[in-house]
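Okay, here's what each chain looks like letter by letter:
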Amino acid sequence: MKNMPVKVMKINFTKISKKVYVLIITIILFIVVTVTLALTLGKQHNQSQKENDKTSYSTAFNEMDTKMQNHTNTETSTNSETDTNNEKESTTDDKTTIDDKTNTDDEMNTNKETNAQETTANQGETVTAQEDTLEVKVEKILNKMTLEEKVYQMFIITPEVLTNGNNVTTCNDFFQEQLEQYPVGGIIYFAKNLVNREQTAQMLQNATQYAYEVEGMPMFLCVDEEGGRVARIANNANFGVPNVGAMQYVGSAAKAYEAGQTIGAYLSELGFNVDFAPDADVLTNDNNTVIGDRSFGTDANIVTEYAAAYSNGLHSQNVCSTFKHFPGHGSTEGDTHEGFAYTNKTYEELMQSELVPFAHAQSNGVDFVMAAHISVPNIIGDNTPCTLSYKMISEILRGDLNYNGLVITDAMNMGAIFNNYSSDTAAVLAVLAGVDLMLMPSDFFSAAQGVINAVYNGQISESRIDTSVRRIITKKLQME
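Residues numbered from 1 in each chain as written. Predicted model: local features only at pLDDT ≥ 70, side-chain atom pairs only at ≥ 80, totals over all residues. Heavy atoms only, no water.

Here we take up the packing of helix 15 (residues 423-433) against helix 16 (residues 444-456). Two packed helices can be described by the angle between their axes and the distance between those axes. The N-to-C vectors of helix 15 and helix 16 enclose an angle of 55 degrees; their axes lie 7 Å apart at closest approach. Between helix 15 and helix 16, the interaxial angle falls into the category oblique. The way helix 15 lies across helix 16 gives a crossing that is right-handed. Judged by residue contacts, Ser 423, Asp 424, Ala 427, Val 428 and Val 431 of helix 15 engage Ser 446, Ala 447, Gly 450, Val 451 and Ala 454 from helix 16. Residues of the contact of helix 15 with helix 16, tallied by class, amount to 6 nonpolar, 3 polar and 1 charged. (Axes fitted to C-alpha atoms, helices over the stretch in contact; angles between N-to-C directions. Helix = DSSP H or I, 4+ residues; strand = E, 2+ residues; numbered from the N terminus. Parallel < 35°, antiparallel > 145°, perpendicular 65-115°, else oblique. Left-handed = near helix turned anticlockwise from the far one by under 90°. Contact = heavy atoms within 4.5 Å. Nonpolar A, V, L, I, M, F, W, Y, C, P; charged D, E, K, R; others polar.)

The following block contains the structure:
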């Protein structure tokens, strides 16, 4: 074969080099333009962000600053202007340096004042929130109640009345069934119901459990435990607790506190939450045998001091206290347990002595004031018992003496009421007088129905019932 001639391709590198050069230059220019544009946009964005941040800070600072006083506003404004000038100027003289230091100190002081004010405001808001929470809970419970349930809350009765039993010493399912039908505000226990520690503790534990299941809150579990001759528990050897003795011999506020603390300790341990004590009567009638050594004495100021100390002792053990017997049983003739009891003293005379402890009940944090069935004809003009008198309960105790706690009647089965009024009439009059709780009416079912009927026929407004039940629920929730 003949060798074929090979054609060699000639490449014009000169032309190619020029094209490549142009392409490279184009790419470089594109990159430069792109980078320059990106940097320019970024710089503009950062500047805009700084302006926005500055505006936001200025707005927030101004909002905070409006809370300060006028002179602080002026100083803060000056500080802001100085800061702005410092950003614009690259150099500062000695005077500016001094001004900056002064401004910094002022800012620190202003911040401290602002923080202190905000802390105080927050604390106030916290307290208000807690109070509002209690009020809201009370209203929620109240709004769910029927009229009948509200009225039943206004009675404290014996376990025998609720369960139709005799000498009740237990609390069983029947108690719960009856409580569902008649959700009363509380139960009062006497010596016949209290056998020993174990029995009493179990009985009260069951009652508390049933109350929560039925009513959604505790119930008042009450007893008369003054010390001395009125001591349902201490006078029963099965309980093995000391009797603190009669109040007449206490001798000092410290001893009175100790007596209340001792009694409160064993009552709380057993499950009681209300003690109808101390006796706050000023003994001014030598012929008075109903009160006698149950009183702290004949001096109104000493009685007030000792009764308050006793009350504080109970409170230290989470037991509610009661000042009794408004307007003062120490000056009376007769015995309300048996029948008519009265005092001929005027309002001014009672204010000098018998009413003094009750005038201090609110300031001493007393939970209950027990009104007695005493007649005070020289004050109200007739022999109506104080428990049924609007003037004595609403105008004097609530109004003049400024007591805002719970007002409870003495036992409504006493002769002073039982011999002169039917149960339903007495209950209606007591509510109209302004009491919150009625203790042991002779016929609970008639008394409760009488109040219910009085609301339906317009004699008593439901808002009047709500006022008392609101106080009752509030105290119960505070006991939790």
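As a rule of thumb, nonpolar side chains are buried together in soluble globular proteins. The biggest cluster of nonpolar side chains holds 117 residues, and the ones touching the most others in it are Phe 155 and Phe 326. For Phe 155, the residues in contact, after removing those within four places along its chain, are Val 184, Gly 185, Gly 186, Ala 427, Leu 437, Met 438, Pro 441, Phe 444, Ala 447, Ala 448 and Val 451. (Core = buried A, V, L, I, M, F, W, Y, C linked by side-chain atoms within 4.5 Å. Buried < 20%, exposed > 50% of the residue type's maximum accessible area, 1.4 Å probe, protein only.)

So, about the sheet that holds strand 2 (residues 186-189). Paired through backbone hydrogen bonds, the strands of a sheet run either parallel or antiparallel to each other. Across the sheet, which stays open at both edges, the 5 strands sit in the order 6-3-2-1-10 with parallel pairing between neighbours. Looking at which strands have only one partner, the edges of the open sheet turn out to be strand 6 (274-275) and strand 10 (438-439). Summarising the sheet, strand 3 (residues 220-223) and strand 6 pair through 2 bridges and their orientation is parallel. Paired with Val 223 across the strands is Asp 275, a residue of strand 6. (Pairing = 2+ DSSP bridges.)

Here the focus is the pattern of salt bridges. Pairing is possible between side chains that carry opposite charge, provided their charged atoms lie close to one another. Going through the model one piece at a time under the given rule, you end up with 16 salt bridges. Across the salt bridge formed by Arg 470 and Glu 139, the nearest N and O atoms sit 2.6 Å from each other. Here the residue Arg 470 occupies a position in helix 17 (residues 462-479), and Glu 139 occupies one in helix 3 (residues 94-144), the gap between them amounting to 331 residues. By relative accessible area, which is 31% here, Arg 470 ends up partly exposed. Residue Glu 139 is classed as partly exposed on the basis of its relative accessible area of 28%. Asp 224 serves as the salt-bridge partner of Arg 232, at 3.3 Å between the closest nitrogen and oxygen. Assessed through its relative accessible area of 24%, Arg 232 is described here as partly exposed. Connected through salt bridges with shared partners, the residues Asp 224, Glu 226, Arg 232, Asp 279, Arg 294 and Lys 324 form a single ionic network. (Salt bridge = Lys/Arg side-chain N within 4 Å of Asp/Glu carboxyl O.)

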